[in-house]
Each structure stands twice: as structure tokens, then as C-alpha cells.
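# Architecture and fold: a report
Now for the letters of each chain:
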Amino acid sequence: MMASVADDLAEAGPGHTAAAERVARWHRELATAANISLTPEQYQAIMIEVGALVDDVTRAIEEPADLIVSYMHTSEAEATGTVTLDGKGIFNSRIVAWGGLVASHFEAVVRGGSVISQGDVRVTEIGSPAGAKTLVQLGNTASLTAERVYAGTVVAGPGYTHRFVGDRSSVNVVFDDGGSMNVQSL
């Protein structure tokens, strides 16, 4: 479980690199505790660090902070709640949306860049007719719904990746009870 947390933090981007490295170090030390003769004091120090990180994460998600975006270009944003697009949309930006990403404006798009979401992603269009690299990383309970997804867009989830090789409409990406990614589109 700790290795998985380290991987998730590493995938969350540069802002979480230090935490990912700490968790990976704890995992290595605890996994080899018998071999390296971890002292009770060293074990206690690791548990105190783990507890502090858990407290930080708990505080961050206790009161989710939502973000409303009309227009964003070559920027980075992270919300512990939901990111709502109420304008043109997001262009060549990096978005981390712990609670999901939802378009409330009928023309809102995500063109280029990346979206990392633990919640559902519901937008009008993802990707670009010009082929701008677009990545959507979904958590294992998240889904993606879009009216149009352009060729070249990559949707990834735990253990699965799907690259759209052609423009598709009425796209729905979900994970079934077994964790498999199911992609449906026209």
C-alpha cells in the first residue's frame, strides 16, 4: 500500500515530489527493517513522519476547496474539491482536481496539457483538432464523460492507458468492479 501511495504522489506532479520521495524511503526502510536492523527509535521516527503526512493530507481533504475557472492558458492549478469550467476552458495547462472536473458552460474545453482527477471528469471537448498533447489521468473510482475527444488524447488510470487514434464523440470511460478500464464512444 505504501508503494502505491508513493507512486500516486509521484504521478501527481512536481509539487508532490518531496512527499513521494519520503514515502518511498519509508517503504524501503520498513520493507527491509529485519535486514537492516531497524532500531525501535528509527521505527518510531518513521511512524512520527508518517503520522505528520497523514495529518497534512487529512486537513487538505477535510474541507475541499473548489475552483471555478473561466479561462486558463499555460498555467497550473490544484483543487482539493471540484474544478468547474464556466467559460472557454483550459488550454495547455496542468490541472489537479481531487474532487473532479466539471464543465458548467456548454462550450468549455480542455485542449492540451494534463488533468489529474480522483473524481469524475465531465466536459464538452478534450484534446485538440490540431493534435496538442492532452493527458487525462483518472483515479480508480473516477470516470470521464465528453461529447468529443480528439485523436491523440490519452486517458490513463490505475494499470490502464487508452490513446484515442481517431476523433470520437459521446465518450464514456469508466472502471468496472474488477478495475478494468471500459471505453465507449461513437
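A short tour of the structure in this document, coming up. Since the model is a prediction, treat every value here as computed from it, not as a measurement.

### Things to note about the overall build of the protein
Summing up its helical and strand segments, the protein has 4 helices and 12 strands in all. Considering the protein as a whole, with its 186 residues, one finds that 38% of them fall into the buried category. Look at the contacts in the protein between residues 6 or more apart in sequence, and 16% of them connect residues 24 or more apart. Accessible area of the protein: about 10200 Å², with a carbon and sulfur share of 53%.

### Topic: the pairing of strand β12 (residues 181-184)
Bridge analysis of strand β11 (residues 168-175) against β12 gives 4 bridges, and the strand direction is antiparallel. If you follow Val174 over to β12, its bridge partner there is Asn182.

### Details of the environment of His162
With respect to the element layout, His162 can be found in strand β10 (residues 160-163). For His162, a relative accessible area of 27% gives the class partly exposed. Considered as a pair, His162 and Asn182 are 20 residues apart in the sequence and their alpha carbons are 9.5 Å apart. Residues in contact with His162, not counting those within four places in the same chain, are Thr153, Val154, Val155, Met181 and Val183.

### Some details on the packing of helix α1 (residues 2-11) against helix α2 (residues 17-31)
For the pair α1 and α2, interaxial distance at closest approach is 8 Å and the crossing angle is 160 degrees. If you check the angle between α1 and α2, you find them roughly antiparallel. Seen along the crossing, α1 lies across α2 with a hand that is left-handed. Contacts between α1 and α2 involve Met2, Ala3, Val5, Ala6, Leu9 and Ala10 on the former and, on the latter, Ala19, Ala20, Val23, Ala24, Trp26, His27 and Leu30. When the residues that make up the contact of α1 with α2 are grouped by side-chain class, the tally is 12 nonpolar, 1 polar and no charged.

Reading the values: the criteria
Numbering of residues starts from 1 in every chain and runs along the sequence as written. Predicted model: local features are reported for residues with pLDDT of at least 70 only, side-chain atom pairs are reported and counted for 80 or more only, and whole-chain, interface and lining totals are derived from all residues. Each side-chain value is worked out from all heavy atoms of the structure, with water and hydrogens disregarded. Helix numbering and strand numbering both begin at the N terminus, where a helix is a DSSP run of H or I of at least 4 residues and a strand a DSSP run of E of at least 2. The cut-offs for exposure are 20% and 50% of the maximum accessible area for each residue type, with area from a 1.4 Å probe on protein chains only; residues under the lower value are buried, those over the upper are exposed, and the others partly exposed. Any pair of residues with heavy atoms lying within 4.5 Å of one another is described as a contacting pair. Accessibility throughout is a Shrake-Rupley quantity obtained with a 1.4 Å probe, and a residue counts as covered only by protein chains that appear here. Paired strands are those between which DSSP finds at least two bridges. Axis lines are fitted to C-alpha atoms, over the contacting stretch for helices. Their N-to-C directions set the angle, which ranges from 0 to 180 degrees. The labels follow the angle: roughly parallel below 35 degrees, roughly antiparallel above 145, roughly perpendicular from 65 to 115, and oblique for the rest. By definition, any crossing whose near helix is turned counterclockwise from its far helix by less than a right angle is left-handed, and any crossing with a clockwise turn is right-handed. Lys, Arg, Asp and Glu make up the charged group, whereas Ala, Val, Leu, Ile, Met, Phe, Trp, Tyr, Cys and Pro make up the nonpolar group; the residues left over, Gly among them, are polar.

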